[in-house]
Amino acid sequence: RGLTFPDGTTQNTAFSGSANLSYGGAIYYGANVALANSSQTYIVPIGSLSQSSPDVNIDGNNSIIFSKSKVYILNYSLQFESTDQFQADLYVWLLMNGQNMVESSSAFTIAARKNPQITGKLVAATPIMFSANNGDTVQIKVASPTSNSVSLVTYPAANNALQIPRNPGTIITITEAN
């Protein structure tokens with residue numbers, strides 16, 4: 001399965017459900033992480049691969065490990081919430097082998113809370129293409145330098161008339177760039 005583009009080419013995708021992933025993986029994780037210190041950076045926790053292949057794995061250090069030298073596309077979707085009465089800046093970037101990946105940072109702004117019951121929410125989503133060699137590791141790092149009130153959040157399933165499924169705080173898909 002995959003996406004078919006207007007020129008007729010297709011791209012394999014990772015998604016929740018049945019898929020044949022020749023090079024890639026999908027991660028859905030429900031951690032809640034408070035970015036409680038505006039002068040600190042945080043590694044995004046990842047749990048386990050929901051869809052996997054022999055080319056992508058994870059370890060206990062919240063790292064994605066690549067076992068083939070290829071060009072990959074990593075898509076992240078991170079769900080944030082802010083209880084601050086002011087807007088909050090947020091930065092997300094990748095580390096490769098423990099070092100900042102050049103030009104991988106994205107900047108986002110979370111709206112100020114409307115009132116104590118209505119918080120500011122943001123889904124930070126970005127695709128990043130990069131080359132990885134056998135044994136390379138990638139981690140996702142976040143920081144909110146303007147607020148101590150931002151959290152990476154997961155919302156539970158709604159057992160009401162709407163039956164909204166669980167919203168994981170972290171969704172990551174990895175595919176080979178063809």
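Counting restarts for each chain: residues are numbered from 1 in the order of the written sequence. Per-residue local features are limited, in this predicted model, to residues with pLDDT of at least 70; the limit for side-chain atom pairs, both in listing and counting, is 80 or more; totals at the level of whole chains, interfaces and linings are taken over all residues. With hydrogens and water set aside, each side-chain value is computed from the structure's full complement of heavy atoms.

**Re the overall build of the protein chain**
Here is step 1: Of the regular secondary structure elements, the protein chain holds zero helices and 16 strands.
Here is step 2: By the burial criterion, 43% of the 178 residues in the protein chain qualify as buried.
Here is step 3: Sequence-distant contacts in the protein chain: of pairs separated by 6 or more residues, those separated by 24 or more amount to 69%.
Here is step 4: Within the structure as shown, the protein chain displays about 9300 Å² of accessible surface, and the carbon and sulfur contribution to it stands at 49%. In this text, helices come from DSSP runs of H or I with a minimum length of four residues, and strands from runs of E with a minimum of two, each type numbered from the N-terminal end. Buried means the residue's accessible area, taken with a 1.4 Å probe over protein chains only, is under 20% of the maximum for its type, while exposed means over 50%, and partly exposed covers the values in between. Any two residues having at least one pair of non-hydrogen atoms within 4.5 Å are treated as being in contact. We get accessible surface area from the Shrake-Rupley algorithm with a probe of 1.4 Å; when it comes to residues, only the shown protein chains can shield them.

**Concerning the side chain of Ser82**
Here is step 1: Positionally, Ser82 belongs in strand β9 (residues 70-82).
Here is step 2: There is a polar contact of 3.2 Å between the side chain of Ser82 and the backbone nitrogen of Asp84. A 3.5 Å cut-off defines polar contacts: any pair of N or O atoms within that distance qualifies, except that in protein one atom must be a possible hydrogen donor and the other a possible acceptor, and neighbouring residues in sequence count only when both atoms are side-chain atoms.

**Some words on unusual backbone geometry**
Here is step 1: Its identity as a non-glycine residue notwithstanding, Asn97 has a phi of 55°, on the positive side.
Here is step 2: A positive phi angle, near 55°, is found at Gln163, a position not held by glycine.
Here is step 3: Position of Gln163 among the secondary structure elements: in the loop between β15 (150-152) and β16 (170-176).

**Some thoughts on the environment of Val102**
Here is step 1: With respect to the helices and strands, Val102 occurs in the loop between β11 (99-100) and β12 (106-110).
Here is step 2: In the structure, Val102 is positioned 28 residues away from Phe130 in sequence and 10.0 Å away in space, judged by C-alpha atoms.

**Let's talk about the nonpolar core**
Here is step 1: If you look at the biggest cluster of nonpolar residues, it comprises 37 residues, and the most contacted ones within it are Ile64, Leu74, Tyr76, Phe80 and Phe130.
Here is step 2: Once residues lying within four places of it in the same chain are set aside, the contact partners of Phe130 are Phe66, Lys70, Val71, Tyr72, Leu74, Leu94, Met96, Met101 and Val138. Nonpolar core, defined: a set of buried Ala, Val, Leu, Ile, Met, Phe, Trp, Tyr and Cys residues in which side-chain atoms within 4.5 Å join the residues together.

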